[in-house]
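# A closer look at the structure
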Amino acid sequence: MKCAYNAGILDAFLEEQIAFDYCIGVSAGSGNLASYLAGQRERNLRFFTKHIHSSNYFGLKSLLKTGDLFGLKYIYGDLTCAEGKDPLDFSAFMKNPAEYEAVVTNALTGKPEYFGREMMKQDDYRVIMASSAIPVVCHPVELNGIPYFDGGLTDAIPVRRALEQGCKKLVVILSKNRDYVRKPQGMRKLYSRVCCSYPNIVDAIDRRHIVYNENMKDVFSLEREGIAFVFAASEPIRVGTYSMKEKAELELYDVGRRDFSTQKENLMKFLSA
């Protein structure tokens with residue numbers, strides 16, 4: 001739910017016609033990127049402010065009905081499909097010349113993998129579901145017969161992947177404040193039990209704070225080198241992973257809009273240099 005921040009910045013990119021050659025997203029960020037690449041301004045905002053009021057989106061009803069606390073099949077299926085209430089313009093998404101990748105975590109190996117449009121077709125957005133499938137509260141999502149979990153477990157800020165793919169400059173949108181330091185995951189007994197069928201996922205959760213904090217160091221090192229331009233919320237983020245408060249989500253979206261406005265001139269200089 002913290003990705004309402006990058007939804008604001010991505011909408012500003014659309015308004016200013018700012019485009020990129022390569023885009024990579026993680027978890028809800030992978031879904032936000034799809035709307036951005038389809039040119040659907042404010043579509044992401046509705047998923048953080050309007051659709052959250054459905055009992056199928058998050059909560060006990062979703063858990064009892066699907067076994068998932070987040071209704072991934074509702075969010076990226078019922079709502080997003082061509083006949084849904086808020087469909088992705090799949091044709092526009094596919095025609096966008098930018099390369100697109102989503103980060104997922106292989107539940108068997110505990111390693112990150114990267115999938116693009118070749119894994120997607122009209123009304124089949126399992127790649128985005130997999131990238132967003134938080135262990136314990138969501139089942140893994142199968143792709144080609146292999147179960148996958150949230151990409152944020154193993155490569156939450158994939159700047160190294162972008163560089164490996166040939167990018168020379170990076171624009172990074174964080175979901176945390178600049179001074180954020182992730183702590184070890186609590187409730188180990190719970191997640192080690194629920195995920196006992198996937199021991200490498202248990203190990204990945206154990207190490208998540210280490211990997212994430214290393215990701216952050218990479219980002220700021222690249223920023224100092226002039227390779228990365230970083231957006232991070234300029235105000236304290238008062239939204240959690242499971243927040244379902246429309247007002248708070250809208251406020252976070254607006255922070256993204258304001259941060260873009262404040263940094264627009266510097267961003268344009270960075271992109272044109």
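Each remark here, short or long, concerns the structure printed above.
Read on for an overview of the structure. (Residues numbered from 1 in each chain as written. Predicted model: local features only at pLDDT ≥ 70, side-chain atom pairs only at ≥ 80, totals over all residues. Heavy atoms only, no water.)

## Brief notes about the side chain of Asp150
Within the element layout of this structure, Asp150 appears in strand S5 (residues 146-150). Buried charge without a salt bridge: Asp150, with Arg208 as the nearest opposite-charge side chain at an N-O distance of 5.6 Å. Ignoring sequence-local partners within four residues, the contact set of Asp150 consists of Val26, Ser27, Thr105, Ala130, Ser131, Ser132, Ala133, Ile134 and Pro135. (Helix = DSSP H or I, 4+ residues; strand = E, 2+ residues; numbered from the N terminus. Buried < 20%, exposed > 50% of the residue type's maximum accessible area, 1.4 Å probe, protein only. Lys, Arg positive; Asp, Glu negative; His and termini not counted. Salt bridge = Lys/Arg side-chain N within 4 Å of Asp/Glu carboxyl O. Contact = heavy atoms within 4.5 Å.)

## A closer look at the state of the cysteines
Under the criterion given, the structure shown has 0 disulfides. Counting only cysteine sulfurs, Cys138 is the nearest neighbor of Cys3, a cysteine outside any disulfide, at a range of 14 Å. No disulfide involves Cys167; its sulfur sits 8.8 Å from the nearest other cysteine sulfur, which is in Cys23. (Disulfide = S-S within 2.5 Å.)

## Describing the packing of aromatic side chains
Applying the stated criterion across every chain yields a total of 15 aromatic pairs. Plain terms: the ring middles of Phe93 and Tyr100 are 5.2 Å apart, the flat faces sit at 80° to each other, and that makes the pair edge-to-face. Residue Phe93 is classed as buried on the basis of its relative accessible area, which comes to 0%. Exposure remark for Tyr100: the relative accessible area of 2% places this residue in the buried category. (Phe/Tyr/Trp six-rings, centres within 6.5 Å; stacked < 30°, edge-to-face > 60°.)

## What about unusual backbone geometry?
Positive phi is not limited to glycine here, since Ser27 has a value of about 55°. According to the relative accessible area criterion, Ser27 is buried, its value standing at 19%.

## Topic: the environment of Asp254
Mapped onto the elements of the fold, Asp254 is located in helix H11 (residues 246-272). Residue classification places Asp254 among the partly exposed positions, given a relative accessible area of 30%. Linking Asp254 and Ala19, residues 235 residues apart in sequence, is a C-alpha distance of 21 Å.

## With respect to the environment of Arg208
As for its placement among the helices and strands, Arg208 is situated in helix H10 (residues 199-224). Given the relative accessible area of 22%, Arg208 is considered partly exposed. Linking Arg208 and Leu153, residues 55 residues apart in sequence, is a C-alpha distance of 5.8 Å. Once residues lying within four places of it in the same chain are set aside, the contact partners of Arg208 are Gly152, Leu153, Arg182 and Gln185.

## Side note on a nonpolar patch on the surface
Together, Val136, Met187, Leu190 and Val194 make up an exposed nonpolar region whose accessible area comes to about 350 Å². Within the secondary structure layout, Met187 lies in the loop between strand S6 (170-173) and helix H9 (188-194). Residue Met187 is classed as exposed on the basis of its relative accessible area, which comes to 61%. (Patch = residues over 30% accessible without salt bridge, like charges linked within 9 Å, V, L, I, M, F, W, Y side chains within 5 Å. Areas by Shrake-Rupley, 256 points an atom, 1.4 Å probe, with all protein chains shown as cover.)

## Topic: the packing of helix H1 (residues 4-15) against helix H2 (residues 28-37)
Across the interface, H1 lies against H2 with an axial gap of 10 Å and an inter-helix angle of 20°. The angle between the axes of H1 and H2 places the two elements in the roughly parallel class. As H1 runs across H2, the sense of the crossing is right-handed. Side by side, H1 and H2 meet where Asn6, Ala7, Leu10, Phe13 and Leu14 of the first sit next to Gly29, Asn32, Leu33 and Tyr36 of the second. Its residues assigned to classes, the contact of H1 with H2 shows 6 nonpolar, 3 polar and no charged. (Axes fitted to C-alpha atoms, helices over the stretch in contact; angles between N-to-C directions. Parallel < 35°, antiparallel > 145°, perpendicular 65-115°, else oblique. Left-handed = near helix turned anticlockwise from the far one by under 90°. Nonpolar A, V, L, I, M, F, W, Y, C, P; charged D, E, K, R; others polar.)

## Remarks on H10
For H10, spanning 26 residues, the distance from its first C-alpha to its last is 37 Å, which sits close to the expected 38 Å at 1.5 Å a residue. Roughly 55° is the biggest bend found in H10, and it falls at Arg207. Downstream of H10 by one or two residues, Gly226 has phi in the positive range, about 80°. (Expected span 1.5 Å × (residues − 1). Bend = angle between axes of the 7 residues up to and from the residue.)

## So, the pattern of salt bridges
For the coordinates displayed, the defined rule picks out 14 salt bridges. Here Glu15 ties to Arg257 by a salt bridge, and the two come within 2.5 Å at their closest N and O atoms. Taken as a pair, Glu15 in helix H1 and Arg257 in helix H11 lie far apart in primary sequence, 242 residues in all. One salt bridge connects Arg46 with Asp86, and the closest N-O pair in it is separated by 2.7 Å. Taken together, the residues span a long stretch of sequence, with Arg46 in helix H3 (residues 43-49) and Asp86 in the loop between helix H5 (72-78) and helix H6 (90-95) at a distance of 40 residues.

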